[in-house]
Amino acid sequence: MIMLGATIEGPLAWGVGVGGFFVILGVLMTVYRLVLGPTLADRVVALDLLSVLLMALLVMFAIAVQIAGYLDVALALSLVSFLATVAFARYIERVDATDHNGVSGQAQPASATASDAAAGEARDG
Amino acid sequence: MDEIAAAALLILGGVFCFAASLGLVRFPDVYMRMHAATKAGTLGMLFIAIAIVFVSPSVEVMVRALLVALFVLITAPIGSHLVGRAAYRTGAPRWAPTLEDEGCRAVFAEHRREPEMIGEPAAETAAPPSAAASQPPA
């Protein structure tokens, strides 16, 4: 396998090639879920996995071209993607459920919620 | 020998990453997708980062790769926990046969929407879900 002038040979090239093939297949399937995810939470999970797969690809690329700088890129990406996941999780908790499901009128009537709470207290006692 | 070990770890990591995204595509609701994506994805990433240890030219490179692995290992559960809690509280659609923890339901009773159900609920008495009855939608 020859990339950007640096050459690795033997089993390592096979490992990078086959492993990279699987990871890229995984990236494509994750993008499928990112586009079609029915709820916002699905998309956030897909985005999280996408960043992890991208980090894996970066580490593989660092092996393939024998440049250690790509590991720094992977480290920075892990920092940023963690912040993105936390921010999206906070956002999901704030946004109205009728928005992120794409269905209006999904919210329960207040009486049902109240009876749920009462049932929970009854079970506690 | 080191190269063979590194190549084996790279392929194993790639297969785990692929399994993670396979679960993300195939599983019926967001909690199962999270289970697949977080655990298998992190494990695949760890294998790939550890593969560098076998072929790194210097300790410096090795430490950097292990730092990436450590950081993913720390942050993946935290992020997944936050997203899961947010999904639970906002009532993300749930696979019908899922058993709900009543204590958790009571704790979140104030800030919680009732989720929609996906698929057929499991029969009351059937302990092992039969394959035909509980087939999730693709």
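Residues numbered from 1 in each chain as written. Chains lettered and ligands numbered in written order. Predicted model: local features only at pLDDT ≥ 70, side-chain atom pairs only at ≥ 80, totals over all residues. Heavy atoms only, no water.

Caption draft 1: Representation of the packing of helix H2 (residues 40-65) of chain A against helix H2 (residues 30-55) of chain B. One way to put it is that H2 of chain A packs onto H2 of chain B with a least axis distance of 10 Å and a crossing angle of 10°. By the angle between their axes, H2 of chain A is roughly parallel relative to H2 of chain B. Seen from H2 of chain A, the contacting residues are Ala41, Asp42, Val45, Leu49, Val52, Met55, Ala56, Val59, Met60 and Ile63 of chain A; seen from H2 of chain B, they are Val30, Arg33, Met34, Ala37, Gly41, Met45, Ile48, Ala49 and Ile52 of chain B. Within the contact of H2 of chain A with H2 of chain B, the residues separate by chemical class into 16 nonpolar, one polar and two charged. (Axes fitted to C-alpha atoms, helices over the stretch in contact; angles between N-to-C directions. Helix = DSSP H or I, 4+ residues; strand = E, 2+ residues; numbered from the N terminus. Parallel < 35°, antiparallel > 145°, perpendicular 65-115°, else oblique. Contact = heavy atoms within 4.5 Å. Nonpolar A, V, L, I, M, F, W, Y, C, P; charged D, E, K, R; others polar.)

Caption draft 2: Summary view of the pattern of salt bridges. Under the definition given, this model contains five salt bridges over all chains. Across the pair Arg33 of chain B and Asp42 of chain A runs a salt bridge, and its minimum N-O distance is 2.6 Å. In this pair, Arg33 of chain B is assigned in helix H2 and Asp42 of chain A in helix H2, connecting two distinct chains. With its nearest N and O atoms 2.7 Å apart, the salt bridge here joins Arg89 of chain B to Glu93 of chain A. Here Arg89 of chain B is found in helix H3 (residues 59-89), whereas its partner Glu93 of chain A is found in helix H3 (residues 69-94) on a different chain. For Glu93 of chain A, a relative accessible area of 25% puts it in the partly exposed group. Through salt bridges with shared partners, one network takes in Asp72 of chain A together with Glu60 and Arg64 of chain B. (Salt bridge = Lys/Arg side-chain N within 4 Å of Asp/Glu carboxyl O. Buried < 20%, exposed > 50% of the residue type's maximum accessible area, 1.4 Å probe, protein only.)

Caption draft 3: Structural context of the confidence of the model for chain A. Considering every residue of chain A, the mean pLDDT works out to 78; 71% of them sit at 70 or more. Within chain A, strand S1 (residues 2-3) of chain A has the poorest average pLDDT of any element, 45, and H2 of chain A the best, 93. (pLDDT = per-residue confidence, 0-100.)

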